Amino acid sequence: MNILSIQSHVAYGHVGNASAAFPMQRLGHEVWAINTVQFSNHTGYGAWRGPVFPADAIREVVTGVEERGVLPSCDGVLSGYMGDAAIGEAILDAVGRVRAANPEALYCCDPVIGDVGRGVFVRPGIPEFMRDRALPAADVVTPNQFELEYLTGVTVGSLGAAVAAVEAMRARGPKAVLVTSLRTPETPEDAIDLLAVDGEGAFRLRTPLLPLSVNGAGDAIAALFFVHLLTTGSAAQALSLAGSSVYGLLRATSDAGSREILTIAAQEEFVRPTRLFQPERV
Ligand SMILES: Nc1ncnc2c1ncn2[C@@H]1O[C@H](COP(=O)(O)OP(=O)(O)O)[C@@H](O)[C@H]1O
Ligand SMILES: Cc1ncc(COP(=O)(O)O)c(C=O)c1O
Ligand SMILES: [Mg+2]
């Protein structure tokens, strides 16, 4: 598969394309990576350096790829951390060009806005852009619980409320939704849930909660879920494979006591997860 992946890049560590590209490549896919920013490190450190690229710089690179005549062979567009709301329009423009060249191509939007611990961590205008522009354009979305609540206005106090929020989201366009880091009163203290919904139904995957808080796991799971969904056509299967791989990745990261996810050292987890978790229909 050929995936056009438009998101952040960091020199040190693994978030954005520096988290998402390698797992897809390790699974045998070609990744056409376009970077929305080039930062020294992820913003979770509180300090970082490097530019947010102008929207035109992204358009320019998309045009160059288009001029190679390869967009008809693009199977999917994946977007993540945008850096600036204007970049979002350049991404939707790229999605339009890919769809014109290959009507079968899917767009997966990881609506990076923030999380429960840090709140909103992107520039003003991006949350609204995700809600009003990106969401209706997407075939697949991968919000965490905080982003699901922001995008739908629903407070997710139970698994049922999460499913209702996802259905409200699907009513606006996306066919498949993956909710990450879902913790409701039904979630045991020592566990963390994922919820995936498509036309086949709603499925929950539960794994142990690991004693760590890292950045970049969301970018990896969105990429893995998207390529497994494209390959299998099943959100339940994609959930099981992506959730199990990221659990293995984070288990290794936790065991090593690393602040950065072990994308390279734990790469076998992308191909053969140590522990394969099974989804439950909800
Ligand atoms: N402490 C943890 N223990 C176990 N799994 C985790 C933990 N943190 C993240 N994960 C896994 O990684 C997935 C993506 O991480 P998440 O933090 O939701 O992404 P984001 O950074 O986009 O908010 C989660 O759904 C979960 O499967
Ligand atoms: C530059 C950059 N890209 C992407 C992300 C998103 O990472 P995550 O996968 O944790 O949502 C972050 C989060 O800190 C970031 O700083
Ligand atoms: Mg995220």
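Taking an unreviewed UniProt entry as the reference, the chain is identified by name as Pyridoxal kinase PdxY belonging to Methylopila capsulata. Recorded in UniProt under Subunit (unreviewed entry), the annotation for the chain is "Homodimer." Per UniProt, the chain carries the Sequence similarities (unreviewed entry) text "Belongs to the pyridoxine kinase family. PdxY subfamily."

A. Molecular detail of the UniProt feature "domain: Pyridoxamine kinase/Phosphomethylpyrimidine kinase" (unreviewed entry) in the chain. With numbering matched to this structure, UniProt assigns "domain: Pyridoxamine kinase/Phosphomethylpyrimidine kinase" (unreviewed entry) to residues 80-258. Measuring from the first to the last C-alpha atom of residues 80-258 gives 23 Å, for a span that is 49% helix and 18% strand.

B. Layout of the UniProt feature "binding site: substrate" (unreviewed entry) in the chain. According to UniProt, the feature "binding site: substrate" (unreviewed entry) maps to S8 and D219 in the numbering used here. The annotated residues occupy 212 residues of the chain but converge on a single region, no pair of C-alpha atoms lying more than 9.9 Å apart. Residue placement: S8 occurs in strand β1 (residues 2-10). Setting aside residues up to four positions removed in sequence, S8 forms contacts with V15, G16, N17, N35, T36, V37, F39, G80, Y81 and G83. Mapping D219 onto the fold places it in helix α7 (residues 217-232). Under the C-beta neighbour-count criterion, D219 is labelled buried, with 30 such atoms within 10 Å. With residues up to four places along the chain from it excluded, the contact list for D219 reads Q7, V15, G16, S19, A20, G80 and D110.

Rules behind the numbers
- Here the residue index of a chain counts from 1 through its sequence in written order.
- Chain labels run from A onward and ligand labels from 1 onward, assigned in the order the entries are written.
- Residues qualify for local features only when their pLDDT is at least 70, as the model is predicted, and side-chain atom pairs are given and counted only at 80 or more; totals for whole chains, interfaces and linings, by contrast, use all residues.
- UniProt positions are given in the numbering used here, feature names are shortened, and annotations may be inferred rather than shown by experiment.
- Only runs of H or I of at least four residues qualify as helices and only runs of E of at least two qualify as strands under DSSP, and these elements are numbered from the N terminus.
- By the convention adopted here, residues make contact when the C-beta atoms placed from their backbones lie within 7 Å.
- Counting other C-beta atoms within 10 Å of a residue's C-beta gives its exposure: the residue is buried at 20 or more, exposed at 12 or fewer, and partly exposed in between, where C-beta atoms are placed from the backbone.

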